[in-house]
Amino acid sequence: MADLLKYLVDVDTQIFLDINACHNAFWDVFMPLYSSKYVWAFFYLSLLYLIARNYSWRITLLWLCATILVITISDQVTASLIRPWVARLRPSNLQNPISDVVHVVNGYRGGNYSFPSAHAANSWGLAMFITMLFRHRWLSLALILWALVTCYSRLYLGVHYFGDLLIGMMIGCAGACLVYFLLIRFAKIKKPEKIKHPIVPILALIATVVVFLVISAVNYFWA
């Protein structure tokens, strides 16, 4: 068992180093922006609009509370419960032997420990919850791509291993499924027959990414 665990850790480390080694000045601006929590406020508001547009205000409030619960579960299980117990040093942590070869952006190294990733858990928890709530093909695809790039940004910034992200994703999805099915089971909420304005969050997501790209391009070509 010890040999298997060491092998998995070595593979995980090599995957991280291979991905983290691919970087340039353009993405050094883009990835910190994308990885930030608060820059997605417009996108989050668009999701709230979508829920409010398709449900009564009482059901909207219920779904909003459920969404907050999903994020809380994901964040607390990863950051407060598992991470201090496992105590796996971040790749970028100066006490980690590989820290000298890790590409770090703007001196950002995160906290001490990395396993599992709260970013991955939170983004995948939200993506899975909204996907189950509306079951709209293009909206679901946009949310999955958003969550995937969020995970990639954490590898790029050197603050998480691939395994951190994989387990974080699983925790987020599990939390979303649990909250969703409990709510459906006991509240007996029915999905709207036709989803109104599903394009709004997609456009909000695209617009936010375009802003990041423009900022990155300006910095890359004129900084």
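Placed above this text is the structure.
Notes on the structure in this doc start here.

Definitions and cut-offs
Residues numbered from 1 in each chain as written. Predicted model: local features only at pLDDT ≥ 70, side-chain atom pairs only at ≥ 80, totals over all residues. Heavy atoms only, no water. Helix = DSSP H or I, 4+ residues; strand = E, 2+ residues; numbered from the N terminus. Buried < 20%, exposed > 50% of the residue type's maximum accessible area, 1.4 Å probe, protein only. Contact = heavy atoms within 4.5 Å. Patch = residues over 30% accessible without salt bridge, like charges linked within 9 Å, V, L, I, M, F, W, Y side chains within 5 Å. Areas by Shrake-Rupley, 256 points an atom, 1.4 Å probe, with all protein chains shown as cover. Salt bridge = Lys/Arg side-chain N within 4 Å of Asp/Glu carboxyl O. Polar contact = N/O pair within 3.5 Å; in protein donor to acceptor, adjacent residues only side chain to side chain. Phe/Tyr/Trp six-rings, centres within 6.5 Å; stacked < 30°, edge-to-face > 60°. Core = buried A, V, L, I, M, F, W, Y, C linked by side-chain atoms within 4.5 Å.

### Observations regarding the environment of Tyr220
Here comes step 1: Here Tyr220 shows up in helix α8 (residues 199-222).
Here comes step 2: Taking the relative accessible area as the measure of exposure, Tyr220 reaches 43% and is therefore partly exposed.
Here comes step 3: Along the sequence, Tyr220 and Asp28 sit 192 residues apart, while their C-alpha atoms lie 9.2 Å from each other.
Here comes step 4: Aside from chain neighbours lying at most four places away, what touches Tyr220 is Ala25 and Phe26.

### Description of a nonpolar patch on the surface
Here comes step 1: Together, Met1, Leu4, Tyr7, Leu8, Val11, Ile15, Phe162, Leu166 and Met170 line one region of the surface with nonpolar side chains, adding up to about 900 Å² of accessible area.
Here comes step 2: Elements with a minimum of two residues in the nonpolar patch: α1 (2-20) and α7 (162-187).
Here comes step 3: Structurally, Leu8 can be placed in helix α1.
Here comes step 4: Leu8 sits in the partly exposed class, given a relative accessible area of 48%.

### Considering the side chain of His160
Here comes step 1: Within the secondary structure, His160 sits in the loop between α6 (137-156) and α7.
Here comes step 2: On the basis of relative accessibility, which here comes to 1%, the residue His160 falls in the buried class.
Here comes step 3: A distance of 3.3 Å separates polar atoms of two side chains, one belonging to His160 and the other to Arg90.
Here comes step 4: From its side chain, His160 meets the backbone oxygen of Ser114 in a polar contact 2.9 Å long.
Here comes step 5: Apart from residues no more than four positions distant in its own chain, His160 is found in contact with Phe16, Arg83, Arg90, Pro91, Ser114, Pro116, Ser117, Arg154, Leu155 and Leu165.

### With respect to the packing of aromatic side chains
Here comes step 1: In total, this model carries 23 aromatic pairs according to the counting rule given.
Here comes step 2: Ring centres of Tyr220 and Phe221 lie 4.9 Å apart, and the angle between their planes is 85 degrees; on these two criteria the pair is classed as edge-to-face.
Here comes step 3: On the basis of relative accessibility, which here comes to 57%, the residue Phe221 falls in the exposed class.
Here comes step 4: Through a chain of ring-to-ring contacts, the aromatic side chains of Phe26, Trp27, Phe30, Tyr34, Trp40, Phe43, Tyr44, Trp146, Phe212, Tyr220, Phe221 and Trp222 assemble into a single cluster.

### Here we look at the nonpolar core
Here comes step 1: Judged by nonpolar contacts, the single largest core of 49 residues is most densely connected at Phe43, Trp63, Phe129, Ile130, Phe134 and Trp146.
Here comes step 2: Listing elements by their share of this core, those giving two or more residues are α2 (25-35), α3 (41-54), α4 (57-86), α5 (118-134), α6, α7 and α8.
Here comes step 3: At 9 residues, the largest contribution of residues to this core is made by α5.
Here comes step 4: Residue contacts for Phe43: discarding those within four places in its chain leaves Leu143, Trp146, Pro201, Ala204 and Leu205.

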